[in-house]
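# Analysis of the macromolecular model
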Amino acid sequence: MKLLLVEDDPSISNPLCAGLNREGFDVVLATTGSGALEAEDVDLVLLDLGLPDLDGRVVCQKMRQKGDVPIIIVTARQDEIDRVMLLELGADDYVVKPFGFRELVARIRAVLRRTSTVSPTETTQTTWGSLTLDRRSRKVTFGGEDVVLTPKEFDVLAVLAQDPGAAVTREQLINEVWDENWWGSTKTLDVHIASVRKKTSPELIETIRGVGFRLAEV
Ligand code: CA
């Protein structure tokens, strides 16, 4: 597994690189935002928000536009963490400095587990009305047009498409898409649902009051 560490402070990056190497990760270091955007392809990105050249949020957004590499944001405690903003940028998780090395490694492994595995025996493609969703390639089309979703938006839609038309509770969606370490606000789910509707059709995901959501055939 190859990680990209984007961190300008050597007092953090030096011990972190050494520790991650001991855990068996190859680490590519970038000390600036522009360096991070030019780095080679990796399996996961650890992104410091406070960088000397570019705003870390801009770096996150640009990486997300390029592909779906998992991103863990590393932020200083005094930074204002706007969680909805981080989600909209497409980050998969975040840690607050100072963080424990064990905690960070656990987060890295959890994110890699969540984002990497699709069992080959699982049904990989769902077609439902105008929607097609392919789990192996993580591609979605609606009415024949490609739909570009963030990794979490895709996961929300993929859970709903496991049994198209069936009601899925909010708890089930939150448990399957985020783990208990995530920020737990139910607003998070609504932000993602709203975004998927905006990118497809307002009618595609039907709200079932007091329960959750279901896919409508449109
Ligand atoms: Ca920094």
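The structure this text deals with has already been given above.
Reference entry: report on the structure contained in this document. (Residues numbered from 1 in each chain as written. Predicted model: local features only at pLDDT ≥ 70, side-chain atom pairs only at ≥ 80, totals over all residues. Heavy atoms only, no water.)

### Here's the deal with the sheet that holds strand S9 (residues 145–147)
Spatial strand order, S6-S7-S8-S9: 4 strands in an open sheet with antiparallel pairing. Two strands bound the open sheet, and with one partner strand each, they are strand S6 (125–128) and S9. Pairs of neighbouring strands in the sheet enclose a mean axial angle of 20°, with direction left out of account. The sheet contact formed by strand S7 (residues 131–134) and strand S8 (residues 139–142) spans 4 bridges and is antiparallel. Along S8, the bridge assignment pairs Leu-131 with Phe-142. (Pairing = 2+ DSSP bridges. Helix = DSSP H or I, 4+ residues; strand = E, 2+ residues; numbered from the N terminus. Axes fitted to C-alpha atoms, helices over the stretch in contact; angles between N-to-C directions.)

### Notes on the coordination of the calcium ion
The coordination sphere of the calcium ion, as far as protein atoms go, consists of Asp-8 (OD), Asp-48 (OD) and Gly-50 (O), spread over 2.2 to 2.3 Å. Read in sequence order, the donor residues for the calcium ion give the motif D-x39-D-x1-G. What makes Asp-48 buried here is its relative accessible area of 5%. (Donors = N, O, S within 2.8 Å, 3.2 Å for Na, K, Ca; no water. Buried < 20%, exposed > 50% of the residue type's maximum accessible area, 1.4 Å probe, protein only.)

### Examining the pairing of strand S12 (residues 212–215)
In the case of a regular strand, side chains alternate between the two sheet surfaces. As paired strands, strand S10 (residues 168–169) and S12 are joined by 2 bridges and run antiparallel to one another. Note on S12: the bridge partner recorded for Thr-169 is Gly-212. With 4 bridges connecting them, strand S11 (residues 205–208) and S12 associate as antiparallel partners. The residue of S12 that forms the bridge with Ile-205 is Leu-215.

### Description of the sheet that holds strand S1 (residues 2–6)
Strand pairing in a sheet relies on backbone hydrogen bonds, with the paired strands running either antiparallel or parallel. Ordered by their spatial adjacency, 5 strands build an open sheet running S2-S1-S3-S4-S5, and the pairing between neighbours is parallel. Two strands lie at the open edges of the sheet, namely strand S2 (26–30) and strand S5 (93–97), each paired on one side alone. Neighbour-to-neighbour, the strand axes of this sheet turn through a mean angle of 20°, independent of strand direction. Seen against the sheet, helix H1 (residues 10–22) touches S1, S2, strand S3 (44–48) and S5 and runs at an angle of roughly 160° to S2. On the sheet, helix H3 (residues 56–66) packs against S1, S3 and strand S4 (71–76) and is oriented at approximately 160° with respect to S3. (Contact = heavy atoms within 4.5 Å.)

### Considering the pattern of salt bridges
Within the structure shown, the criterion is met by 14 salt bridges. Residue Asp-92 pairs with Arg-64 through a salt bridge whose shortest N-O separation is 3.3 Å. Of this pair, Asp-92 sits in the loop between helix H4 (83–89) and S5 while Arg-64 sits in helix H3, and the two are 28 residues apart along the sequence. Using a relative accessible area of 1% as the deciding quantity, one classes Asp-92 as buried. Ionic pairing is found between Arg-138 and Asp-68, a salt bridge with its closest N-O pair at 3.7 Å. On the criterion of sequence distance, the pair formed by Arg-138 in the loop between S7 and S8 and Asp-68 in the loop between H3 and S4 is long-range, its members being 70 residues apart. What makes Arg-138 partly exposed here is its relative accessible area of 24%. Connected through salt bridges with shared partners, the residues Glu-7, Asp-48 and Lys-97 form a single ionic network. (Salt bridge = Lys/Arg side-chain N within 4 Å of Asp/Glu carboxyl O.)

### Notes on H3
If you check which residues of H3 are buried, you get Gly-56, Val-59, Cys-60, Met-63 and Arg-64. Projection of H3 onto a plane perpendicular to its axis shows the buried side chains occupying an angular sector of 130°, all on one side. (Arc of directions from axis to C-beta.)

### Things to note about the nonpolar core
One finds Leu-157, Leu-160, Ile-205 and Leu-215 to be the most contacted residues of the largest nonpolar core, which totals 27 residues. Put simply, the parts of the chain that give this core at least two residues each are S7, S8, helix H6 (151–160), helix H7 (170–177), helix H8 (186–199) and S12. No other element matches the 6 residues that H6 contributes to this core. Formed by 21 residues, the second largest nonpolar core is a distinct cluster that contains Val-6, Cys-60, Ile-71 and Leu-86. (Core = buried A, V, L, I, M, F, W, Y, C linked by side-chain atoms within 4.5 Å.)

### Considering H8
With 14 residues, H8 should reach 20 Å at 1.5 Å per residue; the first-to-last C-alpha distance of 21 Å fits that figure. Every buried residue of H8 is listed here: Thr-188, Leu-189, Val-191, His-192, Ile-193, Ser-195 and Val-196. (Expected span 1.5 Å × (residues − 1).)

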